[in-house]
Amino acid sequence: MANQYRINPLSDVIVRIDFLNPIDKLGHISPKKLVEIVKTIFPIAEPKELVAKELQISKDDIKQKEEKHTEWNFFNRERTKRFAVTNKWAYIVYNKYEGFDNLTKEFNLILN
């Protein structure tokens, strides 16, 4: 490993990716294989319904669009890490950052 600090200067770390195209299978149901992999690291699952509202204003018209989807939240036992995924993005939040090696290992395991 390269240089290491005696005391980790980071407290909370967020890693997020946005999908180029929405993944329809993640809209309302959880794909079985993804859940099996995620639950090895994040055993507590809490789905949450989200509502996205979009307002388009032009000089001639105002259009409103509403989209509902599910955000799948997974926590580790201590709730110091959270993995969240929707059909448009995925992210991990570390409230106790343990280091880059652990972060990349977990993120790559889930998203491969």
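This structure is a prediction, so every number in the text was calculated from the model and none was measured.

Enquirer: Give me the overall build of the protein: which residues, what numbers.
Expert: Helices and strands together make up the secondary structure of the protein, namely two helices and five strands. What you see in the protein, going N to C, is helices and strands ordered as β-α-β-β-β-β-α. Relative to the globule expectation of 13 Å for 112 residues, the C-alpha radius of gyration of the protein, 17 Å, shows a markedly less compact shape. Viewed in the frame of its principal axes, the protein has a C-alpha envelope of about 60 × 35 × 25 Å. When each of the 112 residues of the protein is scored for burial, the buried share is 33%. Sequence separation of 24 or more characterises 57% of the internal contacts of the protein that already satisfy a separation of 6 or more. When the accessible area of the protein is evaluated, it comes to approximately 8300 Å², of which 52% is carbon and sulfur surface.

Enquirer: Explain the packing of aromatic side chains to me, using residue names and the numbers behind them.
Expert: Applying the stated criterion to the full structure yields four aromatic pairs. Considering the side-chain rings of Trp89 and Tyr91, the 5.2 Å spacing of their centres and the 25 degrees angle between planes classify their relative orientation as stacked. Residue classification places Trp89 among the buried positions, given a relative accessible area of 14%. Tyr91 gets classed as buried once you look at its relative accessible area, which sits at 12%. One aromatic cluster in this structure is built from Phe42, Phe74 and Phe83. Geometry around Phe75 places Arg79 over its ring, the cationic atom sitting 4.4 Å from the centre.

Enquirer: Now, about the pairing of strand β4 (residues 81–85): what can you tell me, with residues and values included?
Expert: In terms of burial, β4 is a largely internal element, four of the five residues being buried. Pairing analysis gives four bridges linking strand β3 (residues 62–75) to β4, with the strands arranged antiparallel. Following the sheet pairing, Phe74 is matched in β4 by Phe83. Two successive antiparallel strands, β3 and β4, enclose a turn made up of five residues, where Arg79 displays a positive phi of approximately 60 degrees. In this sheet, strand β5 (residues 89–94) lies alongside β4 in antiparallel orientation, the contact comprising five bridges.

Enquirer: How would you explain the side chain of Glu106 if you had to name every residue and give the values?
Expert: Inspection of the secondary structure puts Glu106 in helix α2 (residues 100–111). Dropping the residues within four chain positions of it, Glu106 is found in contact with Ile41, Phe42, Lys81 and Tyr94.

Enquirer: So what's going on with the packing of helix α1 (residues 32–41) against α2? Which residues, and what values?
Expert: The N-to-C vectors of α1 and α2 enclose an angle of 160 degrees; their axes lie 9 Å apart at closest approach. Of the possible angle classes, the one that applies to α1 and α2 is roughly antiparallel. Relative to α2, the crossing made by α1 is right-handed. Two secondary-structure elements touch here, α1 through Leu34, Ile37, Val38, Thr40 and Ile41 and α2 through Glu106, Leu109 and Ile110. Of the residues in the contact of α1 with α2, the class split is six nonpolar, one polar and one charged.

What counts as what
Residues numbered from 1 in each chain as written. Predicted model: local features only at pLDDT ≥ 70, side-chain atom pairs only at ≥ 80, totals over all residues. Heavy atoms only, no water. Helix = DSSP H or I, 4+ residues; strand = E, 2+ residues; numbered from the N terminus. Rg over C-alpha atoms; globule rule 2.2 N^0.38 Å. Buried < 20%, exposed > 50% of the residue type's maximum accessible area, 1.4 Å probe, protein only. Contact = heavy atoms within 4.5 Å. Areas by Shrake-Rupley, 256 points an atom, 1.4 Å probe, with all protein chains shown as cover. Phe/Tyr/Trp six-rings, centres within 6.5 Å; stacked < 30°, edge-to-face > 60°. Lys NZ or Arg CZ within 6 Å of the ring centre and 35° of its normal. Pairing = 2+ DSSP bridges. Axes fitted to C-alpha atoms, helices over the stretch in contact; angles between N-to-C directions. Parallel < 35°, antiparallel > 145°, perpendicular 65-115°, else oblique. Left-handed = near helix turned anticlockwise from the far one by under 90°. Nonpolar A, V, L, I, M, F, W, Y, C, P; charged D, E, K, R; others polar.

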